[in-house]
Amino acid sequence: PYIRTKIAASIDGKTALLNGNSKWISSKESRNDVQLWRARSCAIVTSIDTVIADDPSLNVRINDFLDNNQPTRVILDSQLRIKGHYKILKSPGDVILYSLQQIHDDLIFEGMIENTEEQDGHVSLESIFLDLANKEINEVMFECGGILNGALLKQNFIDEMIIYLAPCILGDQANNMFRLPEISVMSDRYNFNLTQVDRIGDDIRIILKKSNLV
């Protein structure tokens with residue numbers, strides 16, 4: 001699939017405070033703009049860490065948007081830590097749980113769990129993307145934290161980034177957009193092409209694409 005990741009960050013590149021609080025970095029206008037990107041996506045993907053920390057719904061909230069057009073919500077949950085009370089399970093639309101485990105003790109998850117391959121103790125991103133492609137899901141948006149975004153970047157899976165930069169500073173102890181190993185030489189940096197810059201409310205929306213897609 002075409003892989004897009006959406007990130008809301010401060011101008012010093014932070015996505016949440018050290019304690020996990022991230023509401024709200026971006027403006028209301030930016031959050032409304034995100035709904036349009038969700039609406040065009042076949043699936044919205046997040047991690048169990050984001051589900052636990054933020055309890056997002058990850059559904060499209062646009063007037064008159066039909067329930068049967070809701071994108072599939074995908075949760076990467078290697079050890080099936082999810083519980084039945086999270087909002088992401090409550091909205092209309094399909095939910096897929098990719099996990100290394102096969103059975104959850106809560107029957108609410110029956111039919112949602114897709115067992116997949118393992119990579120470094122986590123679900124394999126490559127195997128997940130192959131499965132999504134087989135399901136004819138061809139445009140995917142990630143809304144997740146620095147760990148999963150870092151894994152996507154490190155494995156060269158990100159085709160496009162949409163970054164909403166808010167005019168605030170959260171400081172060096174806050175959480176980064178990407179958690180990555182140290183880069184010691186500039187030739188190892190991750191390069192993207194800047195394709196669009198817009199003002200959305202009080203924020204700046206930056207769209208970056210993988211070099212070979214421009």
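For the structure, see preceding data.
Notes on the structure in this doc start here. Each chain carries its own residue numbering, running from 1 in the written order of its sequence. pLDDT decides what is reported in this predicted model: residues at 70 or higher carry local features, side-chain atom pairs at 80 or more are listed and counted, and totals for whole chains, interfaces and linings draw on all residues regardless. Side-chain metrics rest on all non-hydrogen atoms present in the structure, leaving aside hydrogens and water.

It is worth spelling out helix 3 (residues 125-134) at this point. The classification of residues rests on relative accessible area computed with a 1.4 Å probe and restricted to protein chains. Under 20% of the type maximum is buried, over 50% is exposed, and intermediate values are partly exposed. Helical segments are the DSSP runs of H or I of at least four residues, strand segments are the runs of E of at least two, and each set is numbered from the N terminus. Considered for burial, the residues of helix 3 that qualify are L125, S127, I128, F129 and L132. Note on helix 3: the residue one or two positions beyond its end, E136, has a positive phi of about 65°.

The next point concerns the pattern of salt bridges. Salt-bridge detection follows one rule: a side-chain nitrogen of Lys or Arg within 4 Å of a carboxyl oxygen of Asp or Glu. Enumeration according to the criterion identifies 12 salt bridges in this entry. Here R4 ties to E139 by a salt bridge, and the two come within 2.9 Å at their closest N and O atoms. Placement of R4 in strand 1 (residues 2-10) and of E139 in strand 9 (residues 139-142) is noted, with a sequence separation of 135 residues between them. Pair check on accessibility: R4 and E139 agree, each one buried. Each member of the salt-bridge network shares a partner with another, and the members are R4, R40, E139 and E160.

Within the largest apolar cluster, 30 residues are counted, with the highest numbers of intra-cluster contacts made by V74, L76, F129, L132, V140 and F142. If you tally residues by element for this core, the top one is helix 3, at four residues. Contact definition: two residues touch when any of their heavy atoms are within 4.5 Å. In contact with F129, other than residues within four places in its own chain, are P1, I3, F142, L152 and F157. With 20 residues, the next largest nonpolar core counts I48, L58, I88 and I207 among its residues. Each nonpolar core is a collection of buried residues, namely Ala, Val, Leu, Ile, Met, Phe, Trp, Tyr and Cys, held together in the definition by side-chain atoms within 4.5 Å.

Structurally, A174 is set in the loop between strand 10 (160-166) and strand 11 (175-176). Through-space distance from the C-alpha of A174 to that of I204 is 20 Å; in sequence the pair is 30 residues apart. Discounting residues that sit within four places of it in the chain, A174 has contacts with K14, A16, L17 and L18.

Two cysteines whose sulfur atoms are joined by a covalent bond form what is called a disulfide. Two cysteine sulfur atoms make up a disulfide if the distance between them is within 2.5 Å. Evaluated as defined, the whole model comprises zero disulfides. Note on C144: no disulfide assigned, nearest cysteine sulfur contributed by C42 at a separation of 18 Å.

Between 30 and 60 degrees the pair is tilted, below 30 it is stacked and above 60 it is edge-to-face, where a pair is any two Phe, Tyr or Trp rings, Trp via its six-membered ring, whose centres lie within 6.5 Å. The full count for this structure, using the stated rule, is two aromatic pairs. Judged by centre distance (6.0 Å) and plane angle (85°), the ring pair of F129 and F142 falls under edge-to-face. Note that F129 is positioned in helix 3 and F142 in strand 9, a separation of 13 residues in sequence. Each member of the pair, F129 together with F142, is buried.

Once that is clear, we can look at the sheet that holds strand 4 (residues 72-76). What the nine strands build is an open sheet, ordered 6-5-4-3-9-1-10-13-12; its pairing is mixed. Since the sheet does not close on itself, it has two edges, and those belong to strand 6 (113-115) and strand 12 (192-200), each with one partner. Each strand of the sheet is rotated relative to its neighbour by a mean of 25°, with strand direction disregarded. Note: two strands are recorded as paired if DSSP finds a minimum of 2 bridges between them. Across five bridges, strand 3 (residues 43-47) lies against strand 4 in parallel orientation. The partner of S47 across the bridge, within strand 4, is L76. Fitted lines through C-alpha atoms serve as axes, helices being fitted only where they are in contact, and the angles separating the N-to-C directions of these axes extend from 0 to 180 degrees. Contacts from helix 1 (residues 28-40) reach strand 1, strand 3, strand 9, strand 10, strand 12 and strand 13 (203-210), with the element oriented near 165° to strand 10.

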